[in-house]
2 protein chains.
Amino acid sequence: MHVMQVDWDDLKTVLALVRAGSLAGAGNALGVNYTTVARRIQRAEAAIGIKLFERLADGYRATETGRMVADHAAAMEVEQDAMLRLLQGQDQTLSGALVITAPQLLIGPYLGPVLDLFSRRHPQVRPWVRASNDLLDLRRREADLAIRISRAPGDTLTGLRLCAQNTAAFASPDVARRIADDPEAAIDWIVYHQTPEVPAAALAARPNARVRMVFDDMVAMVGAAQAGLGVVRMPMFLGRSTPGLVQVPAMPPQPYADIWVVAHPDVWPGAKPKAFRDLLVPHFRARWRDFVATPGPG
Amino acid sequence: MHVMQVDWDDLKTVLALVRAGSLAGAGNALGVNYTTVARRIQRAEAAIGIKLFERLADGYRATETGRMVADHAAAMEVEQDAMLRLLQGQDQTLSGALVITAPQLLIGPYLGPVLDLFSRRHPQVRPWVRASNDLLDLRRREADLAIRISRAPGDTLTGLRLCAQNTAAFASPDVARRIADDPEAAIDWIVYHQTPEVPAAALAARPNARVRMVFDDMVAMVGAAQAGLGVVRMPMFLGRSTPGLVQVPAMPPQPYADIWVVAHPDVWPGAKPKAFRDLLVPHFRARWRDFVATPGPG
DNA sequence: AATGGTACATGCAATTATGCATGTCATGCA
DNA sequence: TGCATGACATGCATAATTGCATGTACCATT
């Protein structure tokens, strides 16, 4: 029996399985077959001489030793990510993948044209778009560039402000007509689960209002508005660019967080992220009026 | 082309090659064939898209990027070593390898019997002895236990003092006879390269003395003394246990650093290191007189 | 009780990685 | 100049790893 040695990729596999809880989940994360995950775990356990996981009916559960091993593997992953970020930041080629994340509803009308232009300008670069309303972890390289709605780029990220924005009230034409015909009619609001009340600014404008439905998904919420189920407060770019919605006077336009493009400082100088920003920033700067209530200076 | 992914074992291979400077050296360190090292380096360079090494006639030389990658891989290795130390410290089995390092000349007469007993007591444990006068890096797991000559265990290590010791002057019987026959005769010293002068205590006892030869290897130096080339200051246990050497009055016995057994704190509690200490400590405690000048309390 | 879905275990075939053998090149020494 | 040594490159055979297919088990739902 030799001195204890574990393949580093087996440690990575242990980490993936601790995180995922199942062979299939870990295999997806690693890009290998789930039977490969099972065999690597067996190999790691043989090398270490201790069980790292209990095999349960509904998946693998890490033992205390398994969690300890995963903690160290996570620290190794931090080093790998730091290295890869530096490599990306130094990468002056315009070929290979560029991972961009943005909220789903911002991609179609605004990122779409930029991606189209970018792809024509730089055919060797493959944009990989990760639509997500969650903030992906740029330190862990879940994306290279992120378009975010926030008030600042974030303490650890480098960013550029794309434009300011407002929210306003939008509804289907039928709902809009009913509101216009009867200024005293009750307003049915469809609200987002994170702020499940009638907006304060809306109550000031039209007090006779109630929350009719609460949604936890913005796409579905927009669909509900299109279907005439009520009034939705949404960013003005979204209301204006969604067919079947019109702005209604249920709430005056409100200030909202800005739109930013951000990246990890290590990645920011890379040629690919820079090339994408070179097209993105002018595109947004040319269309800032779409995002705010008045066509004056923002 | 996918998002950049590098096998972690390939990163480990990059680190080994930066350290070794040649494919063969790296292969030795990793326990794989040198052609495997070459292919893993090619694989890593393909995955990253940048050359990590220049191929020179006398080996591989890391580029700046190669060194950066190796730095991160070294940090990953620190994590691996911390994990493995914890695993070893928690290991309550008495099977598998135990790596012990000690100065060459201490092994034969003193560790040999302990190793013999230990191996009989615990046949499932395989001692792996690394004879070295250099201090191996216990944090990097170059050894599990170290027998060292020093004044303290070291800031980051856990240790037990085995015994005190003195040095004295030893020579061949012929040289000893010449010294005894003529108290005014010049003394030829053979000295160690780190302190290449006649010992001050020797000059006080016999001022007519000179450095005849300087050695950088203790084993060779002992051999030179046996061959009658001069007087050597050495630990008393060594002089006493080496055939063909006798103590000579060229220098009174001098205080010298103690002998310790040390380990990394994470590894110290493990069953194997503890079992070895359980035999080692009594063995030395029973023979402390071998190491000092007088048979009184040390 | 039956069914569908999810998860894991295992044997076999395919793919990938590795080691060996051979050849080439550069360098230092006699 | 010739030889020995050390280093790397490459093709081929072998060994190891991986993915696929099949089977079993468990749980939730109907």
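Every chain begins its residue count from 1, and numbering advances along the sequence as written. Note on labels: chains are lettered from A, ligands numbered from 1, in written order. Only residues with pLDDT of at least 70 are given local features in this predicted model, and only at 80 or more are side-chain atom pairs given and counted; all residues enter the totals for whole chains, interfaces and linings. Processing note: side-chain calculations cover all non-hydrogen atoms of the structure and skip hydrogens and water entirely.

### Let's talk about the domain arrangement of chain A
Residue and element names in this part refer to chain A.
No. 1: The start and end points of each domain follow an automatic or database-based domain assignment. Annotation of chain A at the domain level lists domain 1 (8-89) and domain 2 (95-298).
No. 2: Summarising the inter-unit geometry, the C-alpha centres of domain 1 and domain 2 are found 37 Å apart.
No. 3: The contact definition used throughout considers only heavy atoms, calling two residues in contact when any of these lie within 4.5 Å. At the interface, 9 residues of domain 1 touch 10 residues of domain 2.
No. 4: Here domain 1 meets domain 2 over a buried area of about 860 Å², counting both sides, of which 44% is carbon and sulfur.
No. 5: Here, a salt bridge means any side-chain nitrogen of Lys or Arg that lies within 4 Å of a carboxyl oxygen of Asp or Glu. Remark: the boundary between domain 1 and domain 2 carries 2 salt bridges.
No. 6: N or O atoms within 3.5 Å of each other form a polar contact, as long as, within protein, one can give a hydrogen and the other can take it, and as long as residues adjacent in sequence are counted only when both atoms are side-chain atoms. The interface formed by domain 1 and domain 2 includes 7 residue pairs in polar contact (both at pLDDT 80 or more).
No. 7: Helix and strand definitions follow DSSP, with helices as H or I runs of at least four residues and strands as E runs of at least two, each counted in order from the N terminus. When residues of the side of domain 1 that touches domain 2 are assigned to their parent elements, the largest contribution, 8 residues, is made by helix 4 (residues 64-90).
No. 8: Residue classes follow a fixed rule: Ala, Val, Leu, Ile, Met, Phe, Trp, Tyr, Cys and Pro count as nonpolar, while Asp, Glu, Lys and Arg count as charged, and any other residue, Gly among them, counts as polar. Among the residues forming the side of domain 1 that touches domain 2, the class breakdown is 3 nonpolar, 2 polar and 4 charged. Here the quantity called buried area is the total loss of accessible area, with a 1.4 Å probe, experienced by two parts when brought into contact, counted for both.

### Things to note about helix 5 (residues 104-121) of chain B
All names here are of chain B.
No. 1: To estimate the expected span of a helix, subtract one from its residue number and multiply by 1.5 Å. Over its 18 residues, helix 5 extends 24 Å from the first C-alpha to the last, a length consistent with the 26 Å expected when each residue adds 1.5 Å.
No. 2: A residue's bend is the angle separating two fitted axes: one through the seven residues that end there, the other through the seven that start there. Its maximal kink placed at L111, helix 5 deviates by approximately 55°, while the proline P113 follows within four residues.
No. 3: Taken residue by residue, helix 5 has L106, I107, Y110, L111, V114, L115 and F118 as its buried positions.
No. 4: Buried positions along helix 5 lie against strand 3 (96-102), strand 4 (125-131), strand 5 (145-150), helix 9 (236-241), strand 11 (254-263) and helix 10 (271-286). To sort residues, take the accessible area from a 1.4 Å probe on protein chains only and compare it with the maximum for the residue type: under 20% means buried, over 50% means exposed, and anything in between is partly exposed.

### Quick look at the nonpolar core
No. 1: Counting residues in hydrophobic clusters, the biggest one holds 56 residues, and the most contacted among them are A:L11, A:F53, B:L11 and B:F53.
No. 2: In this view, A:F53 contacts A:V14, A:L17, A:V18, A:I41, A:E45, A:Y60, A:R61, A:A62 and A:T63; residues no more than four positions away in its chain are not counted. Note on terminology: a nonpolar core comprises buried Ala, Val, Leu, Ile, Met, Phe, Trp, Tyr and Cys residues joined through side-chain atoms within 4.5 Å.

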